[in-house]
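Residue-level listing of the chains:
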Amino acid sequence: MNLLSSILENTTVILILIIVVFAVIAIAVFAIRKFWLKPKNDKDDEEKIVEDDLDKYLEPINDEETQHEFDKYNEELGKDYKENNIDVNNSSDEKKD
């Protein structure tokens, strides 16, 4: 009992014990998240969520004139990308050499 009371009276030892306890908790949480809770492929899930949200709010184009305007815009956009040597299929907008 004397040993326990002498340890608890020393504030440095109490501070070190608190730090060690929190360090053990932090390492345990890290290990659980890293090894037991495997992250799933978030990119595919995010794309699906975005498509679902867009489908909720966007309506299909029924007007032929409006569809023609969109097609015309997409052709012009493609020409602009070709003039600037930008690959439309590439996600980054960097110029090719």
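For every chain, the first residue of its written sequence is number 1, and the numbers climb from 1 along that sequence. Predicted model: local features are reported for residues with pLDDT of at least 70 only, side-chain atom pairs are reported and counted for 80 or more only, and whole-chain, interface and lining totals are derived from all residues. Side-chain numbers here rest on the full set of heavy atoms in the structure, without hydrogens or water.

A closer look at the UniProt feature "transmembrane region" (unreviewed entry) in the protein
Okay, so step 1: The positions that UniProt labels "transmembrane region" (unreviewed entry) are, in the present scheme, residues 12-32.
Okay, so step 2: Taken end to end, residues 12-32 comprises 100% helix and 0% strand; its first and last C-alpha atoms sit 30 Å apart. UniProt positions are given in the numbering used here, feature names are shortened, and annotations may be inferred rather than shown by experiment. For helices the rule is a DSSP run of H or I covering at least 4 residues; for strands it is a run of E covering at least 2, with both sets numbered from the N terminus onward.

Topic: a negative patch on the surface
Okay, so step 1: Patch definition: residues above 30% relative accessible area lacking any salt bridge, with like charges linked at up to 9 Å and the nonpolar side chains Val, Leu, Ile, Met, Phe, Trp and Tyr linked at up to 5 Å. Per-residue accessibility takes into account occlusion by the displayed protein chains alone, with areas from the Shrake-Rupley method and a 1.4 Å probe. Any carboxyl oxygen of Asp or Glu that lies within 4 Å of a side-chain nitrogen of Lys or Arg is treated as forming a salt bridge with it. Counting rule applied: Lys, Arg positive; Asp, Glu negative; His and chain ends not counted. A charge is said to be at NZ when it belongs to Lys, at CZ for Arg, at CG for Asp and at CD for Glu. Taken together, the side chains of Asp 45, Glu 46, Glu 47, Glu 51 and Asp 55 present a region of like negative charge at the surface.
Okay, so step 2: Topologically, Glu 51 is positioned in helix α3 (residues 42-57).

Digging into helix α2 (residues 11-36)
Okay, so step 1: The span you would expect from a helix comes to 1.5 Å times its residue count less one. Compared with the 38 Å implied by 1.5 Å per residue over 26 residues, the 37 Å span of α2 between its first and last C-alpha is a close match.
Okay, so step 2: Contacts described as polar in this section are N or O atom pairs within 3.5 Å, which, within protein, must combine one atom able to donate a hydrogen with one able to accept it, while residues neighboring in sequence count only if both atoms come from side chains. Where α2 begins, the capping side chain belongs to Asn 10, and its oxygen is found 3.3 Å from the backbone nitrogen of Thr 12.

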